[in-house]
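# Coordinate analysis (summary)
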Amino acid sequence: MTGLLGLAYWAETAIKLGVALVVIPTAALMLGYLFLLKMMAFMQSRLGPTDVGPYGSLQLIADAVKFLQKEDIHPAAADRRVFRAAPVVVLASSFLLFVVLPTGPDAVVENLDTGIFYAMAVSSLSVLGVLMAGWASANKYALLGGLRAAGQLIAYELPLILAVMGVVIQADSLNLQEIVRAQAEGEIFGFGLIGNPFILTQFIGFLIFMISAQAELTQTPFDMPVAETELVGGFHVEYTGFRFLLFFMAEVATAFAFSALATVMFLGGWWIPGFDFDAPILNVLGPVVMLAKILVVAFIIFWIRFTYPRLREDQLQKFAWKVLIPLSLANIVVTGIFKVVL
Amino acid sequence: MPQFPGLLKGLGVTARTAARTLFPKRGMRTLIPAPQQGSVTVQYPHEKEAPPDRARGVIALHEENCTACMLCSRSCPDWCIYIEGHKVKAPPRRAGGAVRSVNVVDRFDIDYALCMYCGICVEVCPFDALFWSPEYEYSEPHIADLLHDRIRLSEWMETVPAFEDYEPGSEQKVRQVPDFGPDDFAPARKLEADGARELASESDGARELASGAGS
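Residues numbered from 1 in each chain as written. Chains lettered and ligands numbered in written order. Predicted model: local features only at pLDDT ≥ 70, side-chain atom pairs only at ≥ 80, totals over all residues.

## A look at the interface of chain B and chain A
To keep things clear, this is the line we draw: Any residue pair is listed as a contact if its two C-beta atoms, each placed from the backbone, are within 7 Å. Gly falls in the polar group here, along with every residue not listed as nonpolar (Ala, Val, Leu, Ile, Met, Phe, Trp, Tyr, Cys, Pro) or charged (Asp, Glu, Lys, Arg).
Contact with chain B, which involves 11 residues of that partner, is made by 10 residues of chain A. Residue composition of the side of chain B that touches chain A, grouped by class: 5 nonpolar, 6 polar and no charged.

Quick look at the structure:
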């Protein structure tokens, strides 16, 4: 990868770090406000926040300030060190996800050769943090939530990765930039104007990826680890103040990152039809296009969240092992055959 | 296996609700978002919700009817009703009758910091002295001020609405809201003001009346 604007490594890293520190909380705030607060309210015939800022848009910032003011409580029986580390692990997992997300030809924090592999590996770290939180809280509800998260991992992680495999086979690369390039330079039966977004050829993969991502993000049909009505919040029952805020931010930021991954792998990423793949202007326009696509994907994620009731843990296992995994395996086989034949 | 048509239908329901909330206007102005009209939200401090007549907002005391029998206080799950009373002599109801002794309430407090609005006190009162009022705005900066004394509880009486019957034939069960007319029975406090002689000590009076009410 060439240096951005010819800067020294340290300067480039500092700029990237600054941008990431602005982008990630902003992304979490945006998704939280647009979907968690406003869209959910409208879907329930409510207004949502209206008073803080224009149309209530600063509500989440006010909430964050409120959380920061709250007392930081440790349960007496808690394993204090692990208890404190858990939300940081969860948040770190979602921060690390942002490292590989490409938003333009050069606008990427680090263009790893095994980008998608890295993303999948790092995203499952959050379950470790959840398990730590559940175990260290010394609370049976929290423990149940943590164990449910760990059990859920067995169900969704495999279809998630198998769904990605189809894309990787078709794009010939694990590098996210190369996946975008494969879509940009692809053709649909000789018609190359809009490239070949993999949602067309990998539609089953897209469905499986979205369903598994829903489980990974513990969004509602698969929110058994949180399960407010039975576990009163699951792994984060005992958390207050800014540690709870970290969990909340990680949840929404990971939703954003996964929407971005889906965008990169299935919707053509940051590339705009009609532009050269390496056109420098795409470093500016790319993030905008990317954001629009991410919002569409996130809309679907939250739409599903606000519509369906919660499944049981065993129903998710049954669904994942009996439907999603065979389907994704078949998808890989068919993709491989086409790859070899064509 | 999930039922796919049903799943899609569910997505349609939430999407339609969101659309109806955000774009309630019809005709030319369909695309102007107006969630204020489309939603069912009542923006409370700015506009007030009209609670139904039977809403359990606050409990009002019709003091003239109260005999300090303590039934409400004893049946309260939270022990949030405090009653003290004493007996006074009252003139006979008709000429030639015996001198009656009636109870006067000295203290009747409800601690709304403790009250859980179960309404058992209203149910058990055999003398129609307690009523539900739909009034709900009585929050206080200090928790001690949530203890409403008999003066405050009597003031709530003005907000008790006249109830409609539940349904035809239910008239027997409906408690009538007392009118404050002159023929209201036993204005005990007025008697006391006229200088009627006090009888037993306050605690004795309360206990006797409680047993009297039970028989």
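Next comes the rest of the description.
## Section: the packing of helix H9 (residues 203–216) of chain A against helix H13 (residues 313–341) of chain A
Residue and element names in this part refer to chain A. Here is the rule we go by: For every element, the axis is a line fit to its C-alpha atoms; helices are fit only across the contacting stretch, and the angle between N-to-C directions ranges from 0 to 180 degrees. Note on conventions: DSSP H or I runs of at least 4 residues are helices, E runs of at least 2 residues are strands, and numbering of each starts at the N terminus. Any angle from 65 to 115 degrees is called roughly perpendicular, while one under 35 is roughly parallel, one over 145 is roughly antiparallel, and all others are oblique. For any helix crossing, the convention is left-handed if the near helix is rotated counterclockwise from the far helix by under a right angle, and right-handed if that rotation is clockwise.
Between H9 and H13, the shortest axis-to-axis distance is 10 Å and the interhelical angle comes to 150°. Of the possible angle classes, the one that applies to H9 and H13 is roughly antiparallel. As for how H9 packs across H13, the hand of that crossing is left-handed. Residues Ile 204, Gly 205, Ile 208, Ile 211, Ser 212 and Ala 215 of H9 pack against Leu 316, Leu 324, Leu 327, Ser 328 and Asn 331 of H13. Split by residue class, the contact of H9 with H13 holds 7 nonpolar, 4 polar and no charged.

## Focus: the sheet that holds strand S5 (residues 147–148) of chain B
Each strand in a sheet pairs with its neighbour through backbone hydrogen bonds, running either in the same direction (parallel) or in the opposite one (antiparallel). Residue and element names in this part refer to chain B. Rule in force here: When DSSP locates at least two bridges between a pair of strands, those strands are taken to pair.
Here 3 strands make up an open sheet; going across it, the order is S2-S3-S5 and the pairing antiparallel. In this open sheet, the two strands that pair with only one neighbour each are strand S2 (81–90) and S5. Note: S2 against strand S3 (residues 100–111), 10 bridges, orientation antiparallel. Within S3, the residue paired with Lys 87 across the bridge is Asn 103.

## Looking at unusual backbone geometry
One non-glycine residue, Ala 138 of chain A, lies in the positive phi region at around 55°. Among the secondary structure elements, Ala 138 of chain A is positioned in the loop between helix H5 (125–136) and helix H6 (140–171). Positive phi is not limited to glycine here, since Trp 79 of chain B has a value of about 55°. As for its position among the elements, Trp 79 of chain B is in the loop between helix H3 (71–75) and S2.

## A word on helix H11 (residues 241–266) of chain A
It helps to recall that an α-helix has 3.6 residues per turn; residues three or four apart then point in one direction. All names here are of chain A. Note the cut-off: Expected helix span is taken as 1.5 Å per residue step, with the number of steps being one fewer than the number of residues. Counts of 20 or more other C-beta atoms within 10 Å of a residue's own C-beta define buried residues, counts of 12 or fewer define exposed ones, and intermediate counts define partly exposed ones; C-beta atoms are placed from the backbone.
For H11, which comprises 26 residues, the first-to-last C-alpha distance of 38 Å matches the rise-based estimate of 38 Å (1.5 Å per residue) to within 8%. Counting buried residues in H11 gives 23 out of 26 residues, a clear majority hidden from the surface. After H11 finishes, the residue Gly 268 shows a positive phi value of roughly 90°.

## Thoughts on the pairing of strand S4 (residues 130–133) of chain B
All names here are of chain B. Alternating residues of S4 divide into Leu 130 and Trp 132 and Phe 131 and Ser 133, and every residue in both groups is buried. The pairing of strand S1 (residues 58–61) with S4 spans 4 bridges and is antiparallel. Paired with Ala 60 across the two strands is Phe 131, which belongs to S4.

## Quick word on the packing of helix H1 (residues 9–43) of chain A against H11 of chain A
All names here are of chain A. Where H1 contacts H11, the two axes come as close as 8 Å, and the packing angle between them is 90°. In this view, H1 runs roughly perpendicular relative to H11, as classed from their interaxial angle. Touching Ile 24, Pro 25, Ala 27, Ala 28, Leu 31, Gly 32 and Leu 36 of H1 are Met 249, Val 252, Ala 253, Ala 255 and Phe 256, all from H11. Its residues placed into classes, the contact of H1 with H11 shows 11 nonpolar, 1 polar and no charged.

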